[in-house]
Amino acid sequence: MASSTVRPADQAAPPEPPAEREAARRLLDSSAKLSYDPAVEVDWDTPLDEGHHGMSPEWSTLYGTRYWQELTEAQRRELTRQESASVASTGIWFEMILQQLILRDMYAKDPTDPRFQWALTEIADECRHSIMFGRGAAKLGAPAYRPGRLVLELGRVFKTLAVGEAAYASILVAEEVLDVMQRDWMRDERVTPFVRTINNIHVVEESRHMKFAREETRARLRRAGPLRRHTQALVVALASYFIVTSMVNRSVYANAGLDTDRALAEARANEHHKSLMRSSCAGLMEFLASCRLLTRPAVAFYRRAHLI
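A short tour of the structure in this document, coming up. The structure displayed is predicted, hence computed values, not measured ones. (Residues numbered from 1 in each chain as written. Predicted model: local features only at pLDDT ≥ 70, side-chain atom pairs only at ≥ 80, totals over all residues. Heavy atoms only, no water.)

**Some words on the overall build of the chain**
Then step 1. A tally of regular secondary structure across the chain gives 15 helices and zero strands.
Then step 2. Summarising its shape, the C-alpha atoms of the chain cover approximately 60 × 45 × 30 Å along the three principal directions.
Then step 3. By element, 56% of the accessible surface of the chain is carried by carbon and sulfur atoms, the whole surface being about 13,900 Å².
Then step 4. Charge-centre separation for the chain: the mean point of 41 positive side chains lies 6 Å from the mean point of 40 negative side chains. (Helix = DSSP H or I, 4+ residues; strand = E, 2+ residues; numbered from the N terminus. Areas by Shrake-Rupley, 256 points an atom, 1.4 Å probe, with all protein chains shown as cover. Lys, Arg positive; Asp, Glu negative; His and termini not counted. Charge placed at Lys NZ, Arg CZ, Asp CG, Glu CD.)

**Observations concerning the packing of helix H5 (residues 73-106) against helix H7 (residues 149-161)**
Then step 1. Following both chains from N to C, one finds H5 and H7 inclined at 15°, their axes separated by 9 Å at the closest point. Here H5 is positioned roughly parallel relative to H7, judged by the angle of their axes. H5 and H7 meet at a crossing whose hand is right-handed. Where H5 abuts H7, its residues Trp93, Phe94, Ile97, Gln100, Leu101 and Arg104 lie against Val151, Leu152, Gly155, Phe158, Lys159, Thr160 and Leu161.
Then step 2. Of the residues contributing to the contact of H5 with H7, the split by class is eight nonpolar, three polar and two charged. (Axes fitted to C-alpha atoms, helices over the stretch in contact; angles between N-to-C directions. Parallel < 35°, antiparallel > 145°, perpendicular 65-115°, else oblique. Left-handed = near helix turned anticlockwise from the far one by under 90°. Contact = heavy atoms within 4.5 Å. Nonpolar A, V, L, I, M, F, W, Y, C, P; charged D, E, K, R; others polar.)

**Details of unusual backbone geometry**
Then step 1. Unusually for a residue other than glycine, Ala108 sits at a positive phi of about 65°.
Then step 2. Tracing the sequence through the fold places Ala108 in the loop between H5 and helix H6 (114-139).

**Let's talk about H7**
Then step 1. A rise of 1.5 Å per residue sets the reference length of H7, with its 13 residues, at 18 Å; its end C-alpha atoms lie 19 Å apart and thus fit the reference within 8%.
Then step 2. For H7, every residue scored as buried is listed here: Val151, Leu152, Gly155, Phe158 and Lys159. Each buried residue of H7 sits inside an arc of 120° when the element is viewed along its axis, so together they form one side. In H7, those exposed residues whose orientation departs by more than 90 degrees from the buried face are Arg149, Leu150 and Leu161. (Expected span 1.5 Å × (residues − 1). Buried < 20%, exposed > 50% of the residue type's maximum accessible area, 1.4 Å probe, protein only. Arc of directions from axis to C-beta.)

**Comments concerning the side chain of Asn249**
Then step 1. Examined against the element boundaries, Asn249 turns out to sit in the loop between helix H10 (226-245) and helix H11 (251-255).
Then step 2. Of the residues examined, Asn249 reaches a relative accessible area of 16% and is grouped as buried.
Then step 3. Within the local environment of Asn249, its side chain forms a polar contact with the backbone oxygen of Arg146, the two atoms lying 2.9 Å apart.
Then step 4. Setting aside anything within four residues of it in sequence, one finds Asn249 in contact with Ser86, Tyr145 and Arg146. (Polar contact = N/O pair within 3.5 Å; in protein donor to acceptor, adjacent residues only side chain to side chain.)

**Looking at the nonpolar core**
Then step 1. If you look at the biggest cluster of nonpolar residues, it comprises 59 residues, and the most contacted ones within it are Phe94, Ile102, Ile171, Met181, Leu288, Tyr302 and Leu307.
Then step 2. At twelve residues, the largest contribution of residues to this core is made by helix H8 (residues 164-187).
Then step 3. In this structure, Phe94 is in contact with Phe158, Ser170, Ile171, Ala174 and Ile243, ignoring residues within four places of it in sequence. (Core = buried A, V, L, I, M, F, W, Y, C linked by side-chain atoms within 4.5 Å.)

**Re the pattern of salt bridges**
Then step 1. Applying the stated criterion across every chain, the model contains 22 salt bridges.
Then step 2. Residue Arg149 pairs with Glu153 through a salt bridge whose shortest N-O separation is 2.8 Å. Here Arg149 pairs with Glu153, and both are found in helix H7, just four residues apart, close to one helical turn.
Then step 3. On the basis of relative accessible area, Arg149 is assigned to the exposed category, the value being 56%.
Then step 4. One salt bridge connects Arg220 with Glu216, and the closest N-O pair in it is separated by 2.8 Å. Taken together, the positions of Arg220 and Glu216, both in helix H9 (residues 193-221) and four residues apart, correspond to about one turn of that helix.
Then step 5. Judged by relative accessible area, Arg220 falls into the buried class, the value being 6%.
Then step 6. When salt bridges with common partners are traced through the structure, they connect Asp105, Lys109, Arg115, Glu216 and Arg220 into a single cluster. (Salt bridge = Lys/Arg side-chain N within 4 Å of Asp/Glu carboxyl O.)

**Considerations on the packing of aromatic side chains**
Then step 1. The final tally for this structure, using the stated rule, is seven aromatic pairs.
Then step 2. Ring centres 5.9 Å apart and planes at 85° place the aromatic pair Tyr168 and Phe212 in the edge-to-face group. Here Tyr168, found in helix H8, pairs with Phe212, found in helix H9; they are 44 residues apart in sequence, far enough to count as distant.
Then step 3. When its relative accessible area of 3% is taken as the criterion, Tyr168 is described as buried.
Then step 4. Ring geometry for Tyr241 and Phe301: centres 6.1 Å apart, planes at 70°, overall edge-to-face. Separated by 60 residues along the polypeptide, Tyr241 in helix H10 and Phe301 in helix H15 (residues 296-304) bring together distant segments of the chain.
Then step 5. Take Phe301: its relative accessible area is 23%, and that puts it in the partly exposed class.
Then step 6. Taken together, the aromatic side chains of Trp118, Tyr168 and Phe212 make up a single cluster linked through ring pairs.
Then step 7. Here the basic side chain of Lys139 rests over the ring of Phe194, its NZ or CZ set 4.7 Å away from the ring centre.
Then step 8. We note Arg214 situated over the ring of Phe287; from NZ or CZ to the ring centre the distance is 4.7 Å. (Phe/Tyr/Trp six-rings, centres within 6.5 Å; stacked < 30°, edge-to-face > 60°. Lys NZ or Arg CZ within 6 Å of the ring centre and 35° of its normal.)

Set out below in structure tokens:
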């Protein structure tokens, strides 16, 4: 049975260059030397200190708005805790998609290949991360935030049909956006300590995942013609749009005790947050441009998501 994430042309291609196998070996070595067990590393037992934020306040969707100015410090902290939990829940949703994409891609491939072994290592990392995010969201006092029904169903389609570079480039987009956010949060002493630990674990381990996703995206595009490249560019942009716009669930505002309609209106018009998202994705957009995946239709969706 052929892998459903690789086209027949890809399966008939010659073996990967030794450099790609060597890169996978280096990732395996790095994982062996620097990986974490969240069950041990994160302080799950200490009660939540409500005097801390759940994320750097500047990353809140309401930061800089009139509504933010009206909130008490306690309300701001509760809002950032709910938003942080929502981002974590969205991360779990996409990590489950990611794991299925990689498993399908590696189905029936050579288990002696370092790329195969690294892929399974990455899946093991993602399993631990999803459990870590789930426990973290619960400790923040948040419910199970999920994307809307349409996005959930589109995710089912994507994880079933996404192939090659579309799969790996979409993985990269999701991980890069989270990475930039969490690098700020893990250094911020205003953020509750256990969330900072979670962020640090995720940043360290996801740096390897992003490197693999970049290498795989480039490798899959080597033989791509114009039609395939344009089609995949649009698929990646659509996936990115739905991932980013699902990060903060609308329910966070009500759960933080705010007026949902007003909060949504001010969040949608918040130029500070839009600017933060664009600046954080500058390196990612440079990479996509170098792969010729920033086609005109794709750029339209990145603009709608405020990533460019």
